[in-house]
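Spelled out from the first residue to the last, the chains are:
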Amino acid sequence: MKTWALLFFIAIVATAPAWAQVPAGEPVKGNEPAKIKLPAAKLDGEVSVEQAIQLRRSVRSFSGEALTLEEAAQLLWAAYGITKPVPDGPAFIRGGLRSAPSAGALYPLEVYLVAGKVTGLAAGVYRYVSEEHALARVQEGDQRQALSQAALGQAWIGQAPATLFIAAVPERTTKKYGERGGQRYVWMDSGYLGENVYLQAAALGFGCCVAGAFDDEAVRQAMKLPRQEIPVCILSVGRQK
């Protein structure tokens, strides 16, 4: 009887979500490429919403100092993190409601972290997995210059320690809202996300700037985007000079 109880306990532990058993910053092993669990977001910052709005500016000059993994995690959470888990919700919600609103809660956007100088994180391109508050590595190595060149040579993109790259899967929205969803709602969603990143950057004392001027195909190749995703915008973040 005791043997069966022990085996049952081992089975329960073995089937628990891998990310729930791993400390922040450590890789999570699974059937897909290893994920890196991120530190939990802070919900009690020292800067008010009103102050962040007042401070928000587009900044293209960065000190070159690294971001911490905690700071990168905070920015990613502000962009598209889960703020209300809905574990039994419809599949399209993918884990819960997010920090940025979305037409029909369809969440067509994908967020990537282009990490060049992030303490505790190897340089590379990572997809933000909102439902697990984790990163899944897409590419190894520093891709900031490749992204900068794809963005028509805008040097500040290559100089920022980290960039949030936003892509979209329009079909998530168009299958419900049709052509209007693809022409309007997806882009509205990206605006909400972008402002969240700007305000969170301001609250952290960082500079941030968005770029929409880039060669779509060059960016697609630099970021190794899946065929169903289209490039939307670039948000580079770092400490100001």
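About the criteria used
- Residues numbered from 1 in each chain as written.
- Predicted model: local features only at pLDDT ≥ 70, side-chain atom pairs only at ≥ 80, totals over all residues.
- Heavy atoms only, no water.
- Disulfide = S-S within 2.5 Å.
- Buried < 20%, exposed > 50% of the residue type's maximum accessible area, 1.4 Å probe, protein only.
- Phe/Tyr/Trp six-rings, centres within 6.5 Å; stacked < 30°, edge-to-face > 60°.
- Helix = DSSP H or I, 4+ residues; strand = E, 2+ residues; numbered from the N terminus.
- Lys NZ or Arg CZ within 6 Å of the ring centre and 35° of its normal.
- Axes fitted to C-alpha atoms, helices over the stretch in contact; angles between N-to-C directions.
- Left-handed = near helix turned anticlockwise from the far one by under 90°.
- Contact = heavy atoms within 4.5 Å.
- Nonpolar A, V, L, I, M, F, W, Y, C, P; charged D, E, K, R; others polar.
- Arc of directions from axis to C-beta.
- Polar contact = N/O pair within 3.5 Å; in protein donor to acceptor, adjacent residues only side chain to side chain.
- Expected span 1.5 Å × (residues − 1).
- Salt bridge = Lys/Arg side-chain N within 4 Å of Asp/Glu carboxyl O.
- pLDDT = per-residue confidence, 0-100.

Details of the state of the cysteines
No. 1: Summed over the entire model, instances satisfying the criterion amount to zero disulfides.
No. 2: Just so you know, Cys 208 is unpaired, no disulfide at all, and the nearest cysteine sulfur is the one on Cys 209, 7.0 Å from it.
No. 3: Look at Cys 209 and you get buried, because its relative accessible area is 1%.

Some thoughts on the packing of aromatic side chains
No. 1: Under the counting rule described, the total for this entry stands at three aromatic pairs.
No. 2: Here the aromatic rings of Tyr 80 and Tyr 107 are separated by 5.8 Å at their centres, their planes lie at 85°, and the arrangement is edge-to-face. One end of the pair, Tyr 80, is in helix α3 (residues 69-80); the other, Tyr 107, is in the loop between β5 (96-98) and β6 (109-115), and 27 residues separate them in sequence. Accessibility classification places Tyr 80 together with Tyr 107 in one group, the buried group.
No. 3: When the ring of Tyr 177 is compared with that of Tyr 185, the centres are 5.1 Å apart and the planes differ by 90°; the resulting orientation is edge-to-face.
No. 4: The ring of Tyr 80 is capped by Arg 98, whose NZ or CZ atom sits 5.4 Å from the centre of that ring.

What to know about the packing of α3 against helix α6 (residues 171-204)
No. 1: Contact pair α3 / α6: the axes reach a minimum separation of 7 Å and the direction vectors enclose 145°. For the element pair α3 and α6, the recorded crossing hand is right-handed. Taking contact as the criterion, the partners of Glu 71, Gln 74, Leu 75, Trp 77, Ala 78, Ala 79 and Tyr 80 in α3 are, on α6, Leu 193, Asn 196, Val 197, Gln 200, Ala 201 and Leu 204.
No. 2: For the contact of α3 with α6, a count of residues per class yields nine nonpolar, three polar and one charged.

Topic: helix α7 (residues 216-223)
No. 1: Those residues of α7 that fall on the buried side of the exposure criterion are Val 219, Ala 222 and Met 223. Down the axis of α7, the smallest arc covering the buried residues is 85°, so these residues share one side.
No. 2: As for α7, its buried residues are in contact with β6, β8 (124-129), β9 (134-140), α4 (144-150), β10 (162-168) and β12 (230-239).
No. 3: Measuring from the side-chain oxygen of the N-cap residue of α7 to the backbone nitrogen of Glu 217 gives 3.0 Å; that N-cap residue is Asp 215.
No. 4: Just past α7, the residue Lys 224 takes up positive phi, approximately 55°.

Some thoughts on α3
No. 1: For α3, with twelve residues, the first-to-last C-alpha span of 17 Å sits near the 16 Å given by 1.5 Å per residue.
No. 2: The buried fraction of α3 is high, at eleven of twelve residues.
No. 3: Every buried residue of α3 is listed here: Leu 69, Glu 71, Ala 72, Ala 73, Gln 74, Leu 75, Leu 76, Trp 77, Ala 78, Ala 79 and Tyr 80.

Notes on the pattern of salt bridges
No. 1: Within the structure shown, the criterion is met by eight salt bridges.
No. 2: Glu 71 is paired through a salt bridge with Arg 239; the nearest N and O atoms lie 2.6 Å apart. You can see Glu 71 sitting in helix α3 and its partner Arg 239 sitting in strand β12, a full 168 residues away along the chain. In this pair, the class of Glu 71 matches that of Arg 239, namely buried.
No. 3: Between Asp 142 and Arg 144 there is a salt bridge; the shortest N-O distance is 2.8 Å.
No. 4: Accessibility expressed as a relative area gives 40% for Asp 142, which makes it partly exposed.
No. 5: Among the residues examined, Arg 144 registers a relative accessible area of 11% and is labelled buried.
No. 6: A single salt-bridge network, built from bridges that share partners, covers Glu 65, Glu 71 and Arg 239.

Some details on unusual backbone geometry
No. 1: Despite not being glycine, Ala 105 has its phi angle at roughly 55°, a positive value.
No. 2: Positionally, Ala 105 belongs in the loop between β5 and β6.
No. 3: The phi angle at Tyr 107 is positive, at roughly 45°, despite the residue not being glycine.

Overview of the confidence of the model for the protein chain
No. 1: Overall, the predicted model of the protein chain reaches an average pLDDT of 90, with 86% of residues at or above 70.
No. 2: Below a pLDDT of 50 lies the segment residues 1-22, which in the model reaches ten contacts outside its immediate sequence neighbourhood of four places, other chains included.
No. 3: Note that pLDDT drops below 50 for residues 26-31; the model gives that stretch 16 contacts with residues more than four away or on any other chain.

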